[in-house]
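Remarks on the overall topology
For reference, the chains in residue letters:
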Amino acid sequence: MADVKLTAETRTEFGKGAARRIRRDSKVPAVVYGHGAEPVHITLPGHELNLALRTPNVLLTLDIEGKSQLAIPKAVQRDAIKGFLEHVDLLLVKRGEKVNVEVYVHTEGELAAGPYLLEHVLSTLNVEAEATHIPESVTVSIAGLEAGASILAKDIPLPEGTTLATDEDAVVLQVLAAQAEEAPAEAEAEATEA
């Protein structure tokens, strides 16, 4: 799990105009909340934050006015067209504290030979893990699976210290038989006979 250090500045201006001025300076408006404390409105360096958010469930060490705090991204708002960061909500965490997060499900191996398709019913799993040991993803083998096979949430191996927060009987992956289309010549022959 990645741990990124960022220097944050507290902000006193709010609203669209203030947010636009912050973004014009290549910074991102954000809010930090959690542990029953009042929300703190901050400004973060845009480029460094954008790089950090490429890692799923990144742990951020924020230096807010000389005080170091740990936080994880809770909500990230991006411009729909240009994709730049507009606002970030951060959740305060403590070392040893358990948090609920989503982790991506990756597959390894090849399906059995034949016309099979793999359907990702769930692309992420909700898990509970220690804030400083959040897995980036989980991997499951699909080697040799045939049509009709499915992998449930409880069948996916999780790293030590991580527990499943999703319904354990939820279908995550399933293998389907590919539907073959009729050959064009056969379809034309049937059409002329009718």
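So, here's what we can say about the structure. (Residues numbered from 1 in each chain as written. Predicted model: local features only at pLDDT ≥ 70, side-chain atom pairs only at ≥ 80, totals over all residues. Heavy atoms only, no water.)

1. Section: unusual backbone geometry
- Even without being a glycine, serine 26 presents a positive backbone phi close to 60°.
- Assignment of secondary structure puts serine 26 in the loop between α1 (16-24) and β2 (27-34). (Helix = DSSP H or I, 4+ residues; strand = E, 2+ residues; numbered from the N terminus.)

2. Some remarks on the layout of surface pockets
- Roughly 360 Å³ of internal volume is contained in the largest pocket.
- Lining the largest pocket are 15 residues, with Pro56, Asn57, Pro73, Lys74 and Glu102 positioned closest to its centre.
- Elements that contribute at least two residues to the lining of the largest pocket include exactly β5 (67-78) and β7 (98-108).
- Ranked by residue count, the leading element in the lining of the largest pocket is β5, at five residues.
- Classifying every residue of the lining of the largest pocket by side-chain character gives nine nonpolar, four polar and two charged. (1 Å grid on protein atoms, 1.4 Å probe; cavity = no way out; pocket = protein on both sides within 12 Å on 5 of 7 lines; lining within 4 Å. Points joined across faces, edges and corners; volume = space filled by probe spheres on them. Nonpolar A, V, L, I, M, F, W, Y, C, P; charged D, E, K, R; others polar.)

3. Focus: the side chain of threonine 132
- Looking at the secondary structure, you find threonine 132 in the loop between β9 (124-130) and β10 (137-141).
- Engagement of the side chain of threonine 132 in a polar contact is seen with the side chain of glutamate 130, the distance being 2.9 Å.
- Here the side chain of threonine 132 touches histidine 133 through a polar contact of 3.1 Å, side chain to side chain. (Polar contact = N/O pair within 3.5 Å; in protein donor to acceptor, adjacent residues only side chain to side chain.)

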